[in-house]
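Summary of structural features
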Amino acid sequence: MTKINLTTQRKAILEAIQDSHDHPTAADVIERLRDKGISFAYGTVYNSLRYLSDAGLIRELKLGEAVSRYDARMDDHHHIMCKQCGRVEEVLTELPEEWLRKIAAETKFTVQDAHVVLEGVCELCASR
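Rules used throughout
- Residues numbered from 1 in each chain as written.
- Predicted model: local features only at pLDDT ≥ 70, side-chain atom pairs only at ≥ 80, totals over all residues.
- Heavy atoms only, no water.
- Core = buried A, V, L, I, M, F, W, Y, C linked by side-chain atoms within 4.5 Å.
- Buried < 20%, exposed > 50% of the residue type's maximum accessible area, 1.4 Å probe, protein only.
- Helix = DSSP H or I, 4+ residues; strand = E, 2+ residues; numbered from the N terminus.
- Contact = heavy atoms within 4.5 Å.
- Domains from an automatic or database assignment.
- Buried area = accessible area lost by both parts, 1.4 Å probe.
- Polar contact = N/O pair within 3.5 Å; in protein donor to acceptor, adjacent residues only side chain to side chain.

A few points about the nonpolar core
Judged by nonpolar contacts, the single largest core of 15 residues is most densely connected at Ile13, Ile17, Val29, Leu33, Val45, Leu49 and Ile58. Every element with two or more residues in this core is listed here: helix H1 (8–18), helix H2 (26–35) and helix H3 (42–54). At 5 residues, H1 tops the list of elements feeding residues into this core. With near-sequence residues (within four places) excluded, isoleucine 17 lies in contact with Pro24, Val29, Leu49, Ile58, Tyr70, Asp71 and Ala72.

Dropping the structure here:
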């Protein structure tokens, strides 16, 4: 197992993501660190996010947007994104085993990991 090198910067960035409940972007992380009086160069933040993702400490989410979002929750779960405001929520419902079997039969792949991104309209946007 490779040793994880958590520098002061990486630790602060990891904690900012762990304390978030909204799957922040890199810009959100920078802003939240600044709110705490911590200022890192953009390159430091982006490189740290890549390192933390590669080390398996956070998950990079590419949800059809131009920017990545980050998630500190590493257990199996899915996401739903509002097509109007971009809000992202976690979905803890497991995929039906029948789906995974059908996908494996159709594609001849062995499904090892699944991450589904659902799209819809959140309650707030729907009520407008």
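Overview of the domain arrangement of the chain
Parsing the chain into structural domains produces domain 1 (1–73) and domain 2 (75–127). The C-alpha centroid of domain 2 is placed 23 Å from the C-alpha centroid of domain 1. Domain 1 puts 8 residues into the contact, and the matching count from domain 2 is 11 residues. Between domain 1 and domain 2, roughly 940 Å² of surface is buried when both sides are summed, and carbon and sulfur atoms account for 52% of that area.

So, the environment of serine 20
Among the structural elements, serine 20 can be located in the loop between H1 and H2. Residues serine 20 and aspartate 71, spaced 51 residues apart in sequence, show a C-alpha to C-alpha distance of 8.3 Å. A polar contact is formed between the side chain of serine 20 and the side chain of arginine 32, at a distance of 2.8 Å.

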